[in-house]
Amino acid sequence: MQGQDGERDRCGARGGGEPPAGGTDAEPRRGRPRSAAAERAILDAVIAHLEAGEPLAGLSIERIARTAGVGKATIYRRWSGKEELLVDVVRDMEPPEPPVSGTAGLADLRVMLESMRTRGIAQRSSVLLVNMFAQMKSHPKLWEEYHGRVIAPRRLAMLEAVRRAVAAGELRDDLDVDLLDDLFVGPMLVRTVHRPDAPLPEDLVDRVIDALLNGLAPAR
């Protein structure tokens, strides 16, 4: 499908050989060097099966290995099981995580909120991603793996940025940090997840932040 292939070209920046976050191709895993070519072939094999309409439940490590032209041991050296592999497939199709300073407050928050917006656009325009997320939510073990490896680290990064913003005097220090984080993330989740028909304009993040900083009461 051209639309899906095009989306993979635009959003699968990690598919061009970039390793998953937290490591490089030169780093060993389970005592053996990682092969970028083998990893790419495995990810592409999973995507090929999904594009052909194969449900997640029907995929097996053996079938994936056969399609990728590798042995099952090659897959198990990189992933502990199918759930971990499928999470990396989703991450491969999504836009890559943007770099943040790790020292700024609101500036880092702005970058991460913009990343939420671009992921929302990618998910809307990729039938394959929409299908993947719909199926993942009906597989508790897979959804738990995605939540633990992807969603939880993103939330932690946001919380840390909120704390830095409070420490820098950019946000009030008399409010619960979790509440502050929810106030920033909530509008983006509503727009990207709960209202798939809602617009995601380029200035959305600035408008959300400005509304929160200026308050919702009318000017006096």
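Residues numbered from 1 in each chain as written. Predicted model: local features only at pLDDT ≥ 70, side-chain atom pairs only at ≥ 80, totals over all residues. Heavy atoms only, no water.

Visitor: Describe the overall build of the protein, listing the residues and the values that go with them.
Guide: The helix and strand inventory of the protein stands at ten helices and zero strands. Going from the N terminus to the C terminus, the protein shows its helices and strands as α-α-α-α-α-α-α-α-α-α. Residue burial in the protein is summarised as follows: out of 220 residues, 41% are buried. Summarising the internal contacts of the protein: among those between residues at least 6 apart in sequence, 67% fall at separations of at least 24. (Helix = DSSP H or I, 4+ residues; strand = E, 2+ residues; numbered from the N terminus. Buried < 20%, exposed > 50% of the residue type's maximum accessible area, 1.4 Å probe, protein only. Contact = heavy atoms within 4.5 Å.)

Visitor: I'd like a description of a nonpolar patch on the surface, backed by residues and values.
Guide: A grouping of Leu179, Leu183 and Leu212 is seen on the molecular surface, where their side chains present a nonpolar patch of about 220 Å² in accessible area. Within the secondary structure, Leu179 sits in helix H9 (residues 177–194). (Patch = residues over 30% accessible without salt bridge, like charges linked within 9 Å, V, L, I, M, F, W, Y side chains within 5 Å. Areas by Shrake-Rupley, 256 points an atom, 1.4 Å probe, with all protein chains shown as cover. Salt bridge = Lys/Arg side-chain N within 4 Å of Asp/Glu carboxyl O.)

Visitor: Explain the packing of aromatic side chains to me, and be specific about the residues and the numbers.
Guide: Each aromatic ring pair is summarised here by two numbers: the centre-to-centre distance and the angle between the ring planes. The full count for this structure, using the stated rule, is two aromatic pairs. Relative to Tyr146, the ring of Phe133 has its centre 5.5 Å away and its plane inclined at 80°; by these criteria the two rings are edge-to-face. Linking Phe133 in helix H7 (residues 127–136) with Tyr146 in helix H8 (residues 140–167), this pair joins segments that are 13 residues apart in sequence. Overall, the relative accessible area of 12% leaves Phe133 in the buried class. (Phe/Tyr/Trp six-rings, centres within 6.5 Å; stacked < 30°, edge-to-face > 60°.)

Visitor: Can you break down the environment of Gly120 residue by residue, with the values?
Guide: Note on placement: Gly120 falls in helix H6 (residues 106–125). Not counting residues up to four positions away in its chain, the partners in contact with Gly120 are Thr192 and Leu200.

Visitor: I'd like to hear about the environment of Ala41, residue by residue, with values.
Guide: Within the secondary structure layout, Ala41 lies in helix H2 (residues 36–51). Ala41 sits 28 residues away from Gly69 along the chain, and the two C-alpha atoms are 7.7 Å apart.

Visitor: Before we move on, could you go through the side chain of Asp181 and cite the residues and values that matter?
Guide: Its location among the elements puts Asp181 in helix H9. Owing to a relative accessible area of 2%, Asp181 belongs among the buried residues under this scheme. Apart from the residues within four sequence positions on either side, Asp181 is in contact with Arg155, Met158, Leu159 and Val162.

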